[in-house]
Amino acid sequence: MENHSQIEELKKIADSKRVPNAIMLYGSNNEKLKAALDFSKMILSLNLDLEKKRESEMMCDKLNHPDFHLIFPIPSSAKKDENICDFYATNWKDYILDSKLNATLNGWKDVLNCGNKQLGIGVDSVSSLIKKLSVSSFNSQYKVVVFWEAERLNVEASNKILKTVEEPGNKTVFIFLCKRKTDLLPTIVSRCQTIGFNNTFTDEGSSEFEKLFGELLRSAFLIRKDLTQGAKIIGWASKASRLDKESQKSFFRFSIELIRQSFLKNINATSLVSFEAKTDFNFDSFSKYVTKNNIEELCGQFENANYQTIRNGNSNMIMTGLAIGLTKSIHKH
């Protein structure tokens, strides 16, 4: 299903006035955020007269509608007032509008200037939200909450918001934006109407991931003729291990999807291929190599690395193991 179909589905939900209390928009396409904001605008304008509808839409466009709430990842702080989204709300709204709704986690990190510090959605942000939701609506019959990068909800925050989703009160709509269904608690997902957005390799960092993948692949192929590539493979592992944990996991997912896309191209399923190279990576040549005989093993190398990273393994050891394992897998065939 193309992304315009997903957007049309959201419009039909709003027009029907039978709005579910929880919706998940998942997939790597950045269009999810724009779709969520447009849907929120429709919901918050329902059943209003023309003048109030215009007023509501104008506030939504400026992200300052009193019945609209955005929850997003922030760095943890020892100061309680800095541990909630409100502390960063102005910077966040400016960033969204300045980026023309093309927000990325790395872009948001740059705004915060927080270096490699991990961002998350903690229980303090959720508790602050719940207090706001206890107040009656100001301008609309509905209240809408959008969780951007919802996979960043920690366990305590996830459990707390789950209770609110289960008993949302009168006309409160929760919209969770994440890359995969499995990124959220199954109990949250089970209460959501889910709508998937196509993967288009437009994730933040995709060009860097493509370059990183290409570097490893090049050395892995060349090592039989040039043993000096062994040192380059170890150097690659050292460089890749310096990515933060979330970027490492994003790289593994990117690589698995790239391998799958290569296989689809190899079997001439071109209508299902969405990858377009942004670097000098030779997608056509690599796709000729990926067959039904090796795709599972190639993907398995990255799946295993992802699993070990989730289990908080040593990054350098994981990347070294991945690099050596991929090299061995390539030369088996």
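Here's what I pulled together on the structure shown here. (Residues numbered from 1 in each chain as written. Predicted model: local features only at pLDDT ≥ 70, side-chain atom pairs only at ≥ 80, totals over all residues. Heavy atoms only, no water.)

1. Topic: the overall build of the protein
At step 1: Within the protein, the secondary structure is distributed over 14 helices and seven strands.
At step 2: The C-alpha radius of gyration of the protein comes to 22 Å, within 12% of the 20 Å expected for a compact globule of 333 residues.
At step 3: Reported as C-alpha extents along the three principal axes, the dimensions of the protein are approximately 75 × 50 × 35 Å.
At step 4: When each of the 333 residues of the protein is scored for burial, the buried share is 49%.
At step 5: Here the contacts in the protein between residues at least 6 apart in sequence split such that 77% fall between residues at least 24 apart.
At step 6: Of the roughly 16800 Å² of accessible surface on the protein, a fraction of 50% belongs to carbon and sulfur atoms.
At step 7: With 46 positive and 40 negative side-chain charges, the protein shows a separation of 3 Å between the mean positions of the two kinds. (Helix = DSSP H or I, 4+ residues; strand = E, 2+ residues; numbered from the N terminus. Rg over C-alpha atoms; globule rule 2.2 N^0.38 Å. Buried < 20%, exposed > 50% of the residue type's maximum accessible area, 1.4 Å probe, protein only. Contact = heavy atoms within 4.5 Å. Areas by Shrake-Rupley, 256 points an atom, 1.4 Å probe, with all protein chains shown as cover. Lys, Arg positive; Asp, Glu negative; His and termini not counted. Charge placed at Lys NZ, Arg CZ, Asp CG, Glu CD.)

2. Digging into the nonpolar core
At step 1: Core analysis: the biggest nonpolar cluster contains 62 residues, and Leu-25, Phe-39, Phe-147 and Phe-176 have the highest contact counts within it.
At step 2: Ranked by the residues each element gives to this core, the list is headed by helix 2 (residues 31–44), at seven residues.
At step 3: Counting residues in hydrophobic clusters, the runner-up holds 35 residues, among them Phe-252, Ile-256, Cys-299 and Ala-305. (Core = buried A, V, L, I, M, F, W, Y, C linked by side-chain atoms within 4.5 Å.)

3. A look at the pairing of strand 1 (residues 22–26)
At step 1: Buried residues dominate strand 1, accounting for four of its five residues.
At step 2: Two elements, strand 1 and strand 6 (residues 172–178), share five bridges in a ladder whose sense is parallel. Residue pairing in the sheet places Tyr-26 in a bridge with Cys-178 of strand 6.
At step 3: Two strands pair when backbone bridges link them, and strand 1 and strand 7 (residues 193–196) are joined in this way by four bridges, in the parallel orientation. (Pairing = 2+ DSSP bridges.)

4. Description of helix 11 (residues 245–266)
At step 1: A rise of 1.5 Å per residue sets the reference length of helix 11, with its 22 residues, at 32 Å; its end C-alpha atoms lie 32 Å apart and thus fit the reference within 8%.
At step 2: With a side-chain oxygen positioned 2.9 Å from the backbone nitrogen of Ser-247, the residue opening helix 11 is Asp-244.
At step 3: Asn-268 sits one or two residues past helix 11 and shows a positive phi near 65 degrees. (Expected span 1.5 Å × (residues − 1). Polar contact = N/O pair within 3.5 Å; in protein donor to acceptor, adjacent residues only side chain to side chain.)

5. Details of the pattern of salt bridges
Opposite charge on two side chains lets them pair, provided their charged atoms get close.
At step 1: Throughout the structure, instances matching the rule amount to 15 salt bridges.
At step 2: Note that Arg-260 and Glu-303 form a salt bridge whose closest N and O atoms lie 3.6 Å from each other. With Arg-260 in helix 11 and Glu-303 in helix 13 (residues 295–310), the pair connects residues that are 43 residues apart, well separated along the chain.
At step 3: For Arg-260, a relative accessible area of 38% gives the class partly exposed.
At step 4: A network of salt bridges, in which partner residues are shared, links Glu-149, Glu-151 and Lys-179. (Salt bridge = Lys/Arg side-chain N within 4 Å of Asp/Glu carboxyl O.)

6. Some details on the packing of aromatic side chains
At step 1: Applying the stated criterion across every chain yields a total of 21 aromatic pairs.
At step 2: Judged by centre distance (5.0 Å) and plane angle (70 degrees), the rings of Trp-92 and Trp-108 are edge-to-face. Of the two residues, Trp-92 sits in helix 4 (residues 89–98) while Trp-108 sits in helix 5 (residues 105–112), which places them 16 residues apart along the sequence.
At step 3: What makes Trp-108 buried here is its relative accessible area of 0%.
At step 4: Both rings, one in Phe-251 and one in Phe-302, keep their centres 6.1 Å apart while their planes meet at 75 degrees; by these two values the pair is edge-to-face. With a gap of 51 residues between them, Phe-251 in helix 11 and Phe-302 in helix 13 connect regions that are remote in the sequence. (Phe/Tyr/Trp six-rings, centres within 6.5 Å; stacked < 30°, edge-to-face > 60°.)

7. A few points about the side chain of Lys-249
At step 1: Note that Lys-249 resides in helix 11.
At step 2: Judged by relative accessible area, which is 17%, Lys-249 ranks as buried.

8. Some details on the sheet that holds strand 7
Two strands in a sheet stick together by hydrogen bonds in their backbones, pointing the same way (parallel) or opposite ways (antiparallel).
At step 1: Strand order in the open sheet made by the five strands is 2-5-6-1-7, with parallel pairing throughout. Since the sheet does not close on itself, it has two edges, and those belong to strand 2 (68–71) and strand 7, each with one partner. Each adjacent strand pair in this sheet contributes to an overall mean axis angle of 15 degrees, direction not counted.
At step 2: Together, strand 1, strand 5 (143–147) and strand 6 form the strand contacts of helix 7 (residues 155–166), whose direction differs from that of strand 6 by roughly 140 degrees. (Axes fitted to C-alpha atoms, helices over the stretch in contact; angles between N-to-C directions.)

9. Topic: the environment of Ala-35
At step 1: Along the chain, Ala-35 turns up in helix 2.
At step 2: Filtering out sequence-adjacent residues up to four positions away, Ala-35 remains in contact with Ile-7, Leu-10, Leu-25 and Phe-197.

10. With respect to helix 9 (residues 206–222)
At step 1: Its 17 residues place the ends of helix 9 24 Å apart at the C-alpha level, agreeing with the 24 Å of an ideal helix rising 1.5 Å per residue.
At step 2: When we look at burial in helix 9, the residues that qualify are Ser-206, Phe-209, Glu-210, Leu-212, Phe-213, Gly-214, Leu-216, Leu-217, Ser-219 and Ala-220.

11. Thoughts on the pairing of strand 5
At step 1: Counting buried positions over the five residues of strand 5 gives five, a clear majority of the element.
At step 2: With burial as the criterion, each face of strand 5 is covered, one bearing Lys-143, Val-145 and Phe-147 and the other bearing Val-144 and Val-146.
At step 3: Relative to strand 5, strand 2 is paired through four bridges, and the arrangement is parallel. What sits directly across from Phe-68, in strand 5, is Val-144.
At step 4: As paired strands, strand 5 and strand 6 are joined by five bridges and run parallel to one another. Its bridge partner lying in strand 6, Val-146 is registered against Ile-175.

Worth remembering: the numbers are spatial, not functional.
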